[in-house]
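The chain contents come next:
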Amino acid sequence: MKQILNSVRLSAKELGSIRAITVCGMLLALQIVLSMFTIHITAILRISFSYLPIAAVGMIFGPVAGGVFGVAGDILGYFICPTGPYFPGFTLNAFLSGFVYGVFFYRKPVSLRRTFSAKALITFLISILLNPLWLSILYGKAFFAVVSARIVTNLVMFPIEATILHLLLKMIEKSRVTRLIRKNC
């Protein structure tokens, strides 16, 4: 718990730098573009890779920046390309995703175990529990009907998304982007 609080403190301090805001802005643009290439299976089920920039921000700038980035991406994405009515529960999900990625990867080495653990937590907490809850509230559908459809999709997508996430974070780690950004912040 002490490590998480320390990460939160360092991340909040780092978020105030011009370089952090600039990098987050560029990654925010990338997230918006990636969210536009979402594959809609049904009105409720979608496949997207817009989680990758959120994970990158969480890794580079920490949990606070990851959470703020998630919120900014959700709200800006809604105004640029709305896919339904605005619902604050999805904004909470975006914050939690960025925060969790920051807790798992900020100033820590990327490992397969850490990557799969972070993705599993986000998949279970957000994709399987919270998203169906918000969708059932928003559209009046039965919670368990929405959950059952999401479980199948998430079981299929989990290994694919976790592998892509691991490869991306390993590339960021090897490129030493985080050191260059932090060095000058």
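Above this text you will find the structure in question.
The structure contained in this document is the topic of the report that follows.

Here is what the cut-offs are and how they apply
- Residues numbered from 1 in each chain as written.
- Predicted model: local features only at pLDDT ≥ 70, side-chain atom pairs only at ≥ 80, totals over all residues.
- Heavy atoms only, no water.
- Helix = DSSP H or I, 4+ residues; strand = E, 2+ residues; numbered from the N terminus.
- Rg over C-alpha atoms; globule rule 2.2 N^0.38 Å.
- Buried < 20%, exposed > 50% of the residue type's maximum accessible area, 1.4 Å probe, protein only.
- Contact = heavy atoms within 4.5 Å.
- Areas by Shrake-Rupley, 256 points an atom, 1.4 Å probe, with all protein chains shown as cover.
- Lys, Arg positive; Asp, Glu negative; His and termini not counted.
- Charge placed at Lys NZ, Arg CZ, Asp CG, Glu CD.

What to know about the overall build of the protein chain
Per the secondary structure count, the protein chain includes 8 helices and 2 strands. In the protein chain, the succession of α and β elements from N to C terminus is α-α-β-β-α-α-α-α-α-α. Whereas a compact globule of 185 residues would reach a radius of gyration of roughly 16 Å, the protein chain reaches 16 Å, a difference of no more than 12%. In terms of its C-alpha atoms, the protein chain occupies a principal-axis envelope of roughly 50 × 35 × 30 Å. Residues counted as buried form 43% of the 185 residues belonging to the protein chain. Within the protein chain, contacts between residues at least 6 apart in sequence are counted, and of these 70% link residues at least 24 apart. Total accessible area on the protein chain stands at roughly 9800 Å², and carbon and sulfur atoms take up 72% of it. Counting 18 positive and 4 negative side-chain charges, the protein chain places the centres of these two groups 7 Å from one another.

Observations regarding the environment of Gly 84
Position of Gly 84 relative to the elements: it lies in the loop between α4 (63-80) and α5 (88-105). Take Gly 84: its relative accessible area is 29%, and that puts it in the partly exposed class. With 54 residues separating them in the primary sequence, Gly 84 and Leu 138 have C-alpha atoms 9.8 Å apart. When sequence neighbours within four positions are dropped, the list of residues in contact with Gly 84 reads Tyr 78 and Tyr 139.

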